[in-house]
Amino acid sequence: MKHVIIVGAGASGLAAASRLVENGLSTTNITILEAQNHIGGRVHTVTNDGNPLEIGAQWVHGQKGNVVFEIAESAHELNTDIQTLESSGFAENVVFGFEDYKLNKEQVQQFMQTVDSLEEISKSELSGWNKSLGEYFEEKFNELILSKCSHSEFDRSTALAFLDWYHIMENVIDGADNWKETCGSGHLHYKECSGDPLVTWKRGYSTLFKILMKNLSKSHSDQQLPLSDRIFLNKAVTSIDWDSEATSEKQIQVTCEDGSLYPADFVLVTASLGFLKSNMHSLFIPALPPYKKRAIQGLGFGTVDKIFIKFEKPWWTTDWGGISLLRQRSQEADSHWSDHLLGFYTVRLHPNMLIAWITGKAARQVESLPENEILKVCSDLLRKYIGADFPFTEPVGLILSKWFSNPFTVGSYSYRSMESKEMNVWAADLALPVYDSNGFPRLFFAGEATHDHFYSTTHGAIETGWREADRIAKYCIGFHNAKLLVYQAQKCKRDICFWITSSN
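Keep in mind the model is a prediction, meaning the values are calculated, not measured.

With respect to the pairing of strand β9 (residues 237-241)
Stage number 1. In terms of burial, β9 is a largely internal element, 4 of the 5 residues being buried.
Stage number 2. Bridge count for β9 against strand β13 (residues 284-285) is 2 bridges, and the pairing is parallel. Paired with isoleucine 240 across the strands is phenylalanine 284, a residue of β13.

Observations regarding the pairing of strand β2 (residues 30-33)
Stage number 1. Covered by surrounding structure in β2 are Ile30 and Ile32 together with Thr31 and Leu33, the residues of both alternating faces.
Stage number 2. In terms of handedness, the path from strand β1 (residues 4-7) via helix α1 (residues 11-22) over to β2 forms a crossover that is right-handed.
Stage number 3. Judged from the 2 bridges that link them, β2 and strand β8 (residues 231-232) form a sheet pairing that is parallel. Residue leucine 33 lies in a different strand from β8, and its bridge partner there is phenylalanine 232.

Describing the environment of proline 395
Stage number 1. Within the secondary structure layout, proline 395 lies in the loop between α10 (371-386) and β19 (397-400).
Stage number 2. Residue proline 395 is classed as buried on the basis of its relative accessible area, which comes to 12%.
Stage number 3. Sequence separation between proline 395 and phenylalanine 311 is 84 residues; the distance between their C-alpha atoms is 4.5 Å.
Stage number 4. Filtering out sequence-adjacent residues up to four positions away, proline 395 remains in contact with Ile309, Lys310, Phe311, Leu375 and Ser379.

Considering helix α4 (residues 133-144)
Stage number 1. Between its first and last C-alpha atoms α4 spans 16 Å; for 12 residues at 1.5 Å apiece the expected length is 16 Å, and the two agree.
Stage number 2. All buried positions along α4 are accounted for by Leu133, Gly134, Tyr136, Phe137, Lys140 and Phe141. Down the axis of α4, the buried side of the element spans an arc of 155°, and every buried residue falls inside it.
Stage number 3. Contacts from the buried residues of α4 go to α3 (105-125) and α5 (156-174).

Describing the sheet that holds strand β22 (residues 441-445)
Stage number 1. In spatial order, the strands read β8-β2-β1-β12-β22-β21; together these 6 strands make up an open sheet with mixed pairing. Two strands bound the open sheet, and with one partner strand each, they are β8 and β21 (434-435).
Stage number 2. In this sheet, β22 lies alongside β21 in antiparallel orientation, the contact comprising 2 bridges. Paired with valine 434 across the bridge in β22 is leucine 443.

Digging into empty space enclosed by the protein
Stage number 1. Taken as a whole and judged by the stated rule, the model has 3 cavities of 30 Å³ or more.
Stage number 2. In this structure, the largest cavity spans a volume of roughly 220 Å³.
Stage number 3. Taken together, 17 residues make up the lining of the largest cavity; nearest its centre are Pro52, Glu54, Gln58, Thr200 and Arg348.
Stage number 4. Mapped by element, the contributors of at least two residues to the lining of the largest cavity are β4 (51-54) and β7 (200-201).
Stage number 5. A class-by-class count of the residues in the lining of the largest cavity yields 7 nonpolar, 7 polar and 3 charged.
Stage number 6. In this structure, the second largest cavity spans a volume of roughly 70 Å³.

A closer look at the pattern of salt bridges
Any two side chains of opposite charge can pair, so long as their charged atoms come close to each other.
Stage number 1. Summed over all chains, the structure comprises 16 salt bridges.
Stage number 2. Its salt-bridge partner being arginine 42, residue glutamate 448 comes within 2.9 Å of it at the nearest N-O pair. Taken together, the residues span a long stretch of sequence, with glutamate 448 in the loop between β22 and α13 (458-503) and arginine 42 in the loop between β2 and β3 (45-48) at a distance of 406 residues.
Stage number 3. By relative accessible area, which is 4% here, glutamate 448 ends up buried.
Stage number 4. Assessed through its relative accessible area of 21%, arginine 42 is described here as partly exposed.
Stage number 5. The partner of aspartate 164 in a salt bridge is arginine 329, and the shortest N-O contact between them spans 2.8 Å. Of the two residues, aspartate 164 sits in helix α5 while arginine 329 sits in the loop between β16 (322-325) and β17 (341-347), which places them 165 residues apart along the sequence.
Stage number 6. Residue classification places aspartate 164 among the partly exposed positions, given a relative accessible area of 25%.
Stage number 7. Using a relative accessible area of 46% as the deciding quantity, one classes arginine 329 as partly exposed.
Stage number 8. Via salt bridges that share partners, Glu125, Lys140 and Glu143 belong to a single interconnected network.

Focus: the environment of glycine 8
Stage number 1. Mapped onto the elements of the fold, glycine 8 is located in the loop between β1 and α1.
Stage number 2. Its relative accessible area of 14% is what places glycine 8 among the buried residues.
Stage number 3. Between the alpha carbons of glycine 8 and lysine 235 there is a distance of 9.3 Å; along the sequence they are 227 residues apart.
Stage number 4. Not counting chain neighbours up to four residues away, the residues in contact with glycine 8 comprise Gly13, Ile32, Leu33, Glu34 and Thr270.

Procedures and definitions
- Residues numbered from 1 in each chain as written.
- Predicted model: local features only at pLDDT ≥ 70, side-chain atom pairs only at ≥ 80, totals over all residues.
- Heavy atoms only, no water.
- Buried < 20%, exposed > 50% of the residue type's maximum accessible area, 1.4 Å probe, protein only.
- Helix = DSSP H or I, 4+ residues; strand = E, 2+ residues; numbered from the N terminus.
- Pairing = 2+ DSSP bridges.
- Right-handed = clockwise from strand over helix to strand, strands pointing away.
- Contact = heavy atoms within 4.5 Å.
- Expected span 1.5 Å × (residues − 1).
- Arc of directions from axis to C-beta.
- 1 Å grid on protein atoms, 1.4 Å probe; cavity = no way out; pocket = protein on both sides within 12 Å on 5 of 7 lines; lining within 4 Å.
- Points joined across faces, edges and corners; volume = space filled by probe spheres on them.
- Nonpolar A, V, L, I, M, F, W, Y, C, P; charged D, E, K, R; others polar.
- Salt bridge = Lys/Arg side-chain N within 4 Å of Asp/Glu carboxyl O.

Set out below in structure tokens:
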């Protein structure tokens, strides 16, 4: 039986491992190497005041056709009977405002209707659009609102402020630094699952892994897969020698930072695209083929962070969902990182906490700052925007996600960039296996960035793990048969030589 090493114990890696076992591979023939001290990857639930808090993936995006929803619903682990728009900026009780005044409900409603119209129109127009998503939205926004400001609820400066807010929101959704880096036509590659796009977990997103590893029932089945025994934490992989004449029987040699070596017949790489971008030149021996390096280079991968701000007790009322920050456009070329905060919103199960979203260069800058500096800037900004609406009190702490600073993620999730279009590289290129010099498949790739249309999602990550597990299972049989044929040919050659020698 062939041995498979899975690099990464995130959603795709654990999904692949469980699928390999379902396909007949013994757990003893699977090794999962995880660089961090916990499983989950970019799905990371922590406990705060006794309740789950999502540092990474937060929502189950959609219901129909979403494998995460199907898995979690069968285990009764989802909140499907409550409104889950909190933290998103789209809840009806979220206020939109400038530092000195708030917009009325009619203004907000008109803007949201315009955004909905714009997004609906884009579904039919972006396929023929050769420029960026940002250029498309700005052009269409001008047609729908800016050119009609005198006949709408908006003046031009307010409309531009709304457009800037929408730009930040779109970057949060896509993961790009700037929507002018996002490919307009490539944006249509993403497919939404129908149904509520913001479903939440009862006990946190990390519950998913207990289900995947069969520690919880998936569908009233008592089958146990002891995959936890096959996961090795704190095993940062530093090199994968996948095609060397020096290795015995041409097995792959995987080396970890601590010096430990792991042999394998196949390696499934589920590391983030950000990690691959930073490490592909040193990680693979020999170097990856050009098509694979091009895919890693060309696909987009950005940073989206969360800033959770804690207060001793809430100073806001229960019917307040937060505030989206609108700003008058400045002529200054260099803006402060706080100008890229989307807003401050309430957090489910955490009544004394607000969340702020930040992306791109600003997010990467925040990750390098002292916590007290971040807290002071956020506090000052909140105080200005809240004004006299509530008796504001100073925050007492914060929790910051640091997805870019994490050397094993180096960012948050993938998107289709303008570089992807220019280089003509897409998810399918990243998903292709890599073959050794004898024509055997050795390296496989899974993860959200390898999904054609569910990229940037957990359900996309799981589907790619299943996809590669099915592919590896077939190759295991084919590889075994091919090796058997080689052995039989070599044996036949030895027998013939022995017969000739004996005859002489």
